[in-house]
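Survey of secondary and tertiary structure
Below, each chain spelled out in residue letters.
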Amino acid sequence: MNLKKNDHYIGYVEDLTSQGMGVVKIDGFPIFVDGTIPEEEIELRIVSLKKTYGYGKLIKIIKAHENRVEVKDDLGRQTGTAPLGHIKYSMQLRLKKKIVKDSFERIGKFENLNISPTIGMVNPWQYRNKAQVPVRMVGARLETGYFRRGTNELIPMENYHTQHVQIDETINKVRDILRKYEVPAYDPDSHTGQIRHIVVRRGFYTGQIMVILVTRTEKVTKLDQIKEEIISQVPEVVSLVQNINEKNTNKILGNTTKILYGKDHYEDEILGLRFKISPQSFFQVNTQGAESLYYQALKMAKIKATDIVLDAYCGIGTIALNAAQKAKEVHGIEIIEEAIESARENATLNKIDNVYFKAGPAEKLIQNYQDKPFDIAIVDPPRKGLDPSFIEALVENGPRKIVYISCNPSTQARDCKILAESGYKLEQIQPVDMFPMTHHVECIALLQREIM
Ligand code: SAH
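Given the structure is predicted, the values throughout are model-derived calculations rather than measurements.

Cut-off values and rules
- Residues numbered from 1 in each chain as written.
- Predicted model: local features only at pLDDT ≥ 70, side-chain atom pairs only at ≥ 80, totals over all residues.
- Heavy atoms only, no water.
- Helix = DSSP H or I, 4+ residues; strand = E, 2+ residues; numbered from the N terminus.
- Salt bridge = Lys/Arg side-chain N within 4 Å of Asp/Glu carboxyl O.
- Buried < 20%, exposed > 50% of the residue type's maximum accessible area, 1.4 Å probe, protein only.
- Contact = heavy atoms within 4.5 Å.
- Axes fitted to C-alpha atoms, helices over the stretch in contact; angles between N-to-C directions.
- Parallel < 35°, antiparallel > 145°, perpendicular 65-115°, else oblique.
- Left-handed = near helix turned anticlockwise from the far one by under 90°.
- Nonpolar A, V, L, I, M, F, W, Y, C, P; charged D, E, K, R; others polar.

Some thoughts on unusual backbone geometry
The residue D27 is not glycine, and still its phi comes out positive at about 55 degrees. Following the sequence through the fold, D27 ends up in the loop between β2 (22–26) and β3 (29–33). Phi at Y313 takes a positive value of approximately 65 degrees, unusual for a residue other than glycine. Locating Y313 in the fold gives a position in the loop between β15 (308–312) and α6 (318–324).

Considerations on the pattern of salt bridges
Summed over the entire model, instances satisfying the criterion amount to 26 salt bridges. Taking the shortest distance from any N to any O, the salt bridge between K25 and E14 comes out at 3.7 Å. Taken together, the residues span a long stretch of sequence, with K25 in strand β2 and E14 in strand β1 (residues 8–16) at a distance of 11 residues. Take K25: its relative accessible area is 40%, and that puts it in the partly exposed class. Accessibility expressed as a relative area gives 43% for E14, which makes it partly exposed. The partner of R274 in a salt bridge is E267, with the nearest N and O atoms 2.6 Å apart.

Structural notes on the environment of D387
Among the secondary structure elements, D387 is positioned in the loop between β18 (376–379) and α9 (388–397). The exposure class assigned to D387 is partly exposed, which follows from its relative accessible area of 30%. A sequence separation of 224 residues divides D387 from Q163, and the C-alpha atoms of the two residues are 33 Å apart. Beyond its immediate sequence surroundings of up to four residues, D387 is in contact with Y313 and E363.

Quick word on the packing of helix α3 (residues 165–180) against helix α4 (residues 223–233)
Viewed as axis vectors pointing N to C, α3 and α4 meet at an angle of 150 degrees, and their least axial separation amounts to 10 Å. By the angle between their axes, α3 is roughly antiparallel relative to α4. Crossing of α3 against α4: the hand is right-handed. For the pair formed by α3 and α4, the contact residues are K173, V174, I177, L178 and K180 on the first element and I226, E229, I230 and Q233 on the second. Looking at the contact of α3 with α4, its residues break down into five nonpolar, one polar and three charged.

The following block contains the structure:
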């Protein structure tokens, strides 16, 4: 069949991609369609065709899946904050397990996998503790919201559904204050205007709020009045920060930060430990989800009181400090200098003295530990996974267990394959849902050294 753009077809959804799109094959040719569920029969219109696949738009659902739920607010799909919102939550969890299974089978070439059911959340909405919302003029009005997926078109929003309600309220209040003082919103085309983003972070357990006003210029119209109004209208604010980003870039935060009011950090808790979080620090955006992830990872690690533990890619030390309560000593390594400073402060804050932090690239720093054999290594790299030189040095170091936490099952499967070829047996895989309503899945892999 000769497929043509704009033509309509009827098809059966066979599968879900790791990006959360339904796969419909028309004469064997895969078309990816958003907003669909495997086993549904649909009518689609082809919107683009590439050499080996294409994209389609859902026109009509002919036979709906029993787990399809009514979407009350379509903005979550349009902006990409809740692209799986049309699928019953229990099914989302099963689909995420399948995404993990597919990666480990296709990329990792593993068979007979031991994958546990995805651990989900009790309330899969309003889970985010952080929002980074762009500010733009839409017509004559300053608006906040998210961009239509794949575009620069801002869709004004007030209820975001996946963020804590107090974060939504704070964004709306700050927006109204900016409107009142007629602050010009950023225009990326002409690279003019003053206010680019409003970032709000909130401690799930402490209720403390940090507001970051990301501006293009240092000077902002009526900044003093704006500051006073934010403080009086949002009493939970413990830290109000101006971040200056002068560059014409997609990166949200710039390098200069000025404290306008309060402290340079806010605090949250993870499994009973307290953490100071600065504007630039990485902190998992779902506090309860992170607790669940770390709890499982530590359970799988089964740390003994005599163990020396590595926490590579440790951020501000969330995993290391939890592991330190069980281990003899823990070594945390991380590339961002400020994160390591926070990690050290967090150790002091929680009165933990058997942890040692070092800043630098993990693939370099691990070379320094060759005369300090680790019993257990916990690794939690960014999406691109582990560097081959890191894996090589880790295998040479020879921990009896590796607990590999990842937000990208593809690179995790790739790295686990190398570890399996280097003498580590893949014992268990545990997916955890930190990002309900999206295709993202976190996953813990437990590997044991075969030769003791
Ligand atoms: N374990 C932490 C952070 C995980 S995110 C937590 O759960 O909070 C991944 C971390 O890896 C980030 O903090 C990032 O700064 C860090 N990172 C990225 N590349 C790195 C590298 N080459 N070496 C060490 N750390 C790196």
